[in-house]
Amino acid sequence: MKIAKPAAHGFDASRLAAIDTLLQTRYVDSGKLPNAQLLIARDGEIVHFSHAGAAREGGKAVDEKSLFRIASMTKPITSVAFMMLVEQGLVAVDTPVHHVLPEFKDIAVYNGGGGGVPFVTKPTAEPMRMVDLLRHTSGLTYSFQNRSNVDAAYRDGKIESWHGGHDLDGFVAALAKIPLEFSPGTAWNYSVATDVLGAVVQRVSGLPLDQFFKERIFVPLKMDDTFFQVPADKLDRLTDCYTLVAGKGRVMYDRGADSAWSRMPKLVSGGGGLVSTALDYHRFNTMLLNGGELDGARILGRKTLDLMTQNHLPGKSDLATMSKSLFSEASNAGTGFGLGFAITDDVAKTMVPGSKGEFYWGGMFSTAFFVDPVERISMVFMTQLSPSSFYPIRRELKTMIYAAMT
């Protein structure tokens, strides 16, 4: 792995070093985060790659081989997989979901009931389409939102449990029996939509989702350290993962040595199941930055990526206007949503430096990435602490990375 000279790519090295100081002192030394890893690249060339903290409790430091649970950073990969099938003419962005998943044919919208009382429903105004899954306007939700009788039904049914009773087909069947929170296309809500999209990829391609990812994306891109199940010979590289608990602070959530990610999940989650490294995700970012190609391997066409990275919210709206979600990996003002990514649509409204058309996402364990096609910059940030919304670290990183540009 080669690290380029920052100055040769328009960065001030001392200002990049200041980001490491912030990560070390404010977050790692203080105990807020167990570790921190930051990769910054321009034109696909790594100009900065730093590591702080231990990979495991009392263990060695994180390094370039450390494996991290990337959670919802799985979503852009699933979205790319779907768009590969679109390019083959096997499905379209506006295809009604029930054309591929007939279980969804009669899904209706919540209109009362729940909490032990039968649901009252009304028909959807429009059918749920693939674009609704891609941009989170499907009417689906997450059980952990704790804001409606619909997400309570998700919890009661334990339908999101990766090691529970459902495989992807069973998950779709169970989900289809619960009403939507709103009619597709009328609001934005962070949800299991990308898990449903994973089921679409599986049905349309005829391949198990993990196999499709491996054969069509990971092998061509040489992402050799990205998987749903950490192989036994790589388990020693998997970091510990923590969560914040009220009154207790940081507690162990998943120990690397005996991790749940060492077992193949029954429910393969296109919405959040992958483990990866900063270097592997950097290769994925660079493919996106290059218009769908890396080192001779073409994953997507350039114009397909152009389509994916535009704001697809109805009326070019933003999340501040449309979001019903209690939780998201994006800040809301000035942020649109494309086909698998948040899109910076109005830089001034975000109140953070950036570029119009920059796209990004993150994961519940505080990992994050962004790609700026205007400045040709990409970033991968890795750590392992949930929830991701507790510290303003993503905003701080973005501010300081742009501040380091010369």
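Residues numbered from 1 in each chain as written. Predicted model: local features only at pLDDT ≥ 70, side-chain atom pairs only at ≥ 80, totals over all residues. Heavy atoms only, no water.

(A) Region of interest: the environment of Ala176. Take Ala176: it is sitting in the loop between α5 (168-175) and α6 (193-205). For Ala176, a relative accessible area of 17% gives the class buried. With 69 residues separating them in the primary sequence, Ala176 and Ile107 have C-alpha atoms 5.9 Å apart. Beyond its immediate stretch of four places on either side in the chain, Ala176 contacts Glu103, Phe104 and Ile107. (Helix = DSSP H or I, 4+ residues; strand = E, 2+ residues; numbered from the N terminus. Buried < 20%, exposed > 50% of the residue type's maximum accessible area, 1.4 Å probe, protein only. Contact = heavy atoms within 4.5 Å.)

(B) How the structure looks around the packing of α5 against α6. Axis separation between α5 and α6 bottoms out at 10 Å; the angle between their running directions is 125 degrees. Classified by the angle between their axes, α5 and α6 sit oblique to one another. The interaxial crossing formed by α5 with α6 has left-handed handedness. Across the interface between the two elements, Leu168, Asp169, Phe171, Val172 and Leu175 from α5 touch Asp195, Val196, Gly198, Ala199, Gln202 and Arg203 from α6. (Axes fitted to C-alpha atoms, helices over the stretch in contact; angles between N-to-C directions. Parallel < 35°, antiparallel > 145°, perpendicular 65-115°, else oblique. Left-handed = near helix turned anticlockwise from the far one by under 90°.)

(C) Molecular detail of the sheet that holds strand β1 (residues 35-42). Strand order in the open sheet formed by seven strands is β2-β1-β15-β14-β13-β12-β11, and the pairing between neighbours is antiparallel. Looking at strand neighbours, the two that pair on one side only are β2 (45-53) and β11 (335-337), the edges of this open sheet. On average, each strand axis in the sheet is inclined to that of its neighbour by 20 degrees, with strand direction left out of account. Summarising the sheet, strand β12 (residues 342-344) and strand β13 (residues 359-362) pair through two bridges and their orientation is antiparallel. Of the residues in β13, the one forming a bridge with Ala342 is Tyr360. (Pairing = 2+ DSSP bridges.)

(D) How the structure looks around the packing of aromatic side chains. Under the defined criterion, the tally for this structure stands at 18 aromatic pairs. For the pair Tyr142 and Tyr190, a centre-to-centre distance of 5.4 Å together with 75 degrees between the ring planes defines the contact as edge-to-face. With Tyr142 in the loop between α3 (130-135) and α4 (149-157) and Tyr190 in the loop between α5 and α6, this pair connects stretches of sequence that are 48 residues apart. Accessibility expressed as a relative area gives 7% for Tyr142, which makes it buried. Given the relative accessible area of 1%, Tyr190 is considered buried. (Phe/Tyr/Trp six-rings, centres within 6.5 Å; stacked < 30°, edge-to-face > 60°.)

(E) Looking closely at the environment of Lys2. Topologically, Lys2 is positioned in the segment before α1 (13-28). Since its relative accessible area comes to 62%, Lys2 is described here as exposed.

(F) Inspection of α5 at higher detail. Most of α5 is tucked away: six of the eight residues are buried. Within α5, burial applies to Leu168, Gly170, Phe171, Val172, Ala174 and Leu175. Buried residues along α5 sit against α4, α6 and α7 (209-218). The distance from a side-chain oxygen at the start of α5 to the backbone nitrogen of Asp169 is 3.3 Å, and the residue carrying that oxygen is Asp167. (Polar contact = N/O pair within 3.5 Å; in protein donor to acceptor, adjacent residues only side chain to side chain.)

(G) How the structure looks around the pattern of salt bridges. Inspection of every chain in the model, using the stated rule, returns 18 salt bridges. Arg376 is paired through a salt bridge with Asp43; the nearest N and O atoms lie 2.8 Å apart. Residue Arg376 is located in the loop between β14 (368-372) and β15 (377-382), and its partner Asp43 is located in the loop between β1 and β2; the two are separated by 333 residues in the primary sequence. Of the charged contacts in the structure, one is a salt bridge between Glu103 and Arg203, with a shortest N-O distance of 2.6 Å. With Glu103 in the loop between α2 (75-87) and β4 (109-110) and Arg203 in helix α6, this residue pair connects regions lying 100 residues apart in the sequence. (Salt bridge = Lys/Arg side-chain N within 4 Å of Asp/Glu carboxyl O.)

(H) A look at unusual backbone geometry. Geometrically, the link from Ser386 to Pro387 is a cis peptide bond, its omega value of 0 degrees lying close to zero. As for its placement among the helices and strands, Pro387 is situated in the loop between β16 (385-386) and α12 (393-403). In the Ramachandran plot, Asn146 falls in the positive-phi region, its phi being about 50 degrees despite a non-glycine side chain. Backbone geometry places Lys316, a non-glycine residue, at a positive phi of 55 degrees. The class of Lys316 is exposed, set by a relative accessible area of 53%.

(I) The arrangement of the sheet that holds strand β7 (residues 249-254) in detail. Pairing is mixed in the open sheet, where three strands are placed in the order β7-β6-β16. Of all strands in the sheet, those bounded by a partner on one side alone are β7 and β16. Where strand β6 (residues 241-245) lies against β7, five bridges are found, and the strand directions are antiparallel. Residue pairing across strands places Cys241 opposite Asp254, the latter belonging to β7.

(J) Quick peek at the side chain of Ser317. Mapped onto the secondary structure, Ser317 falls in the loop between α9 (302-308) and α10 (319-322). Excluding anything up to four places from it in sequence, Ser317 contacts Asn311, Met322 and Gly336.

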